[in-house]
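Understanding the architecture of this molecule
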Amino acid sequence: MKTFLEFQSEISSGKLRNVYFISAIDSYFVNKAGELLREKVFGSKDQKDNFFLKYADETPMQELIDLSSNFASLFSSQKIIILKRCEKYSRKLSEFMAFAAKPDKDTFLMLVFDRDFVLEKKMGKDADFFDFSDMPQRNLYEWVKGEFESRGLRINKDALEFFLENTPLSFDLLDSEISKLSNYDFGEGEPVITRQLILEFTGYDPSASPDELMEHILKKERDNALAVLDNLLNNKGVNEVYLLSMLSAYYMDIMIFKSKDVPKLDSRSLYTKYKIWGERGNFAKDHAKLLDISALSKCMEYLIETDKKLKTSMLNPKILMTYLVEELINA
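All of the points below concern the structure found in this document. This structure is a prediction, so every number in the text was calculated from the model and none was measured. (Residues numbered from 1 in each chain as written. Predicted model: local features only at pLDDT ≥ 70, side-chain atom pairs only at ≥ 80, totals over all residues. Heavy atoms only, no water.)

Counted according to the given criterion, the structure contains 16 salt bridges. The partner of E177 in a salt bridge is K180, with the nearest N and O atoms 3.2 Å apart. Separated by three residues within a single helix, E177 and K180 lie in helix α8 (residues 171-182), roughly one turn from each other. Relative accessible area serves as the criterion here: at 10%, E177 is assigned to the buried category. (Salt bridge = Lys/Arg side-chain N within 4 Å of Asp/Glu carboxyl O. Helix = DSSP H or I, 4+ residues; strand = E, 2+ residues; numbered from the N terminus. Buried < 20%, exposed > 50% of the residue type's maximum accessible area, 1.4 Å probe, protein only.)

Each pair of packed helices gets described by two things: the angle between the helix axes and the distance between those axes. Packing of helix α12 (residues 240-256) against helix α16 (residues 317-330) leaves a shortest axis separation of 10 Å and a crossing angle of 20°. Compared by their axis directions, α12 and α16 come out roughly parallel. Once α12 is placed against α16, the crossing between them reads as left-handed. Mapping the contact onto sequence places E240, L243, L244, L247 and Y251 in α12 and P317, K318, M321, L324 and L328 in α16. Of the residues belonging to the contact of α12 with α16, the class tally is eight nonpolar, no polar and two charged. (Axes fitted to C-alpha atoms, helices over the stretch in contact; angles between N-to-C directions. Parallel < 35°, antiparallel > 145°, perpendicular 65-115°, else oblique. Left-handed = near helix turned anticlockwise from the far one by under 90°. Contact = heavy atoms within 4.5 Å. Nonpolar A, V, L, I, M, F, W, Y, C, P; charged D, E, K, R; others polar.)

Tracing the backbone through its elements, the reader meets T59 in the loop between β3 (51-55) and α3 (61-70). Ignoring sequence-local partners within four residues, the contact set of T59 consists of K54, L64 and Y89.

The next subject is the environment of D175. With respect to the helices and strands, D175 occurs in helix α8. The spacing of D175 and Y28 is 147 residues in sequence and 8.1 Å in space, taken between C-alpha atoms. Residues contacting D175, with those up to four places away along its chain left out, are Y28, E147 and R151.

Glancing now at the packing of helix α10 (residues 210-218) against helix α11 (residues 222-235). Across the interface, α10 lies against α11 with an axial gap of 8 Å and an inter-helix angle of 155°. Taken together, the axes of α10 and α11 are roughly antiparallel relative to one another. With respect to the hand of their crossing, α10 and α11 are arranged in left-handed fashion. Contacts from P210, L213, H216 and I217 in α10 reach N224, A225, V228, L229 and L232 in α11. Along the lines of polarity and charge, the residues of the contact of α10 with α11 split into seven nonpolar, two polar and no charged.

Looking at the second largest pocket, its volume works out to about 220 Å³. Every residue lining the second largest pocket is listed: F4, L5, Q8, Y28, F29, K32, E35, L36, N139, W143 and E147. Sorting the residues of the lining of the second largest pocket by element identifies α1 (4-12), α2 (28-42) and α6 (137-150) as the ones contributing at least two each. With five residues, α2 is the single largest residue contributor to the lining of the second largest pocket. Looking at the lining of the second largest pocket residue by residue, the classes come out as six nonpolar, two polar and three charged. (1 Å grid on protein atoms, 1.4 Å probe; cavity = no way out; pocket = protein on both sides within 12 Å on 5 of 7 lines; lining within 4 Å. Points joined across faces, edges and corners; volume = space filled by probe spheres on them.)

Across the sheet, which stays open at both edges, the six strands sit in the order β1-β6-β2-β5-β4-β3 with parallel pairing between neighbours. Lying at the two open borders of the sheet, with one neighbouring strand each, are β1 (2-3) and β3. Here five bridges tie strand β4 (residues 79-84) to strand β5 (residues 107-114), and the two strands are oriented parallel to one another. Residue K79 lies in a different strand from β5, and its bridge partner there is T107. Across the sheet, α2 touches β2 (19-24), β3, β4 and β5, and the angle it forms with β4 is around 170°. On top of the sheet, helix α4 (residues 93-100) reaches β2, β4 and β5; it is set at about 150° to β5, its chief contact. (Pairing = 2+ DSSP bridges.)

What follows is the structure, encoded as structure tokens:
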């Protein structure tokens, strides 16, 4: 599938489609795409008179059809409709796709589906999708670097790699973390983002980082693991859900390295197939031997269960994370 960068290039060249099929996991590039379309169609990204943001689980299909074909403005007949959560139309997917195949000539539709739904239903075979949830490694590096530069900052190469290795691949989250780092007061110093600054700004230091926590868990060093966990949660104020997502990423990486041929892959192949690179890949490769498949399966169950409890129960999140670490050590 094509990426947002190719969508951007297509819009900039003036080649407009009436229907865009989008695969996404968050809203960052969907919002950017809406701005690009408004700029091209209306002449300004701030013009929203004929712009509609809808959600499939809140919009009956007939309402969408009527809005697409019957709405008229005193100022313009053209309109832009962004419809999110299109997978909610799954029971009427054939009817929905038939509607999308014959769009009104004055309507520009952006139909956004959850990425997992698109992959599960293999929708890429029947429609030309843009994937707003991913980006080639080189482009991802350049995008992050450019976002810092647009804020008047420079980021070191090692800091850039570290930032991407330790931030879940969500463009909403990446943008949020970039904004936080950009608000740092450099005083009279040069505005350069370093690895040390990222460590400090994300709430932990080299001696008490998620890397160290994971190292102690895998080596079953209970006291050290709990000491690092306490520092992360109580002294550094790291969010429990965020820390859980990082721990889950470590175990997912280790699971990948349990596959027979993966340890033999070069760094480029690892990124292309599994989105793993740099120190993150080295960590998983070096530590995969510390867990057998049975223990790894138990750990994944503990992570999933803790995730559910963090999001749905009233239990103390710090206690949940402490209990999780104990379970992971004993797996």
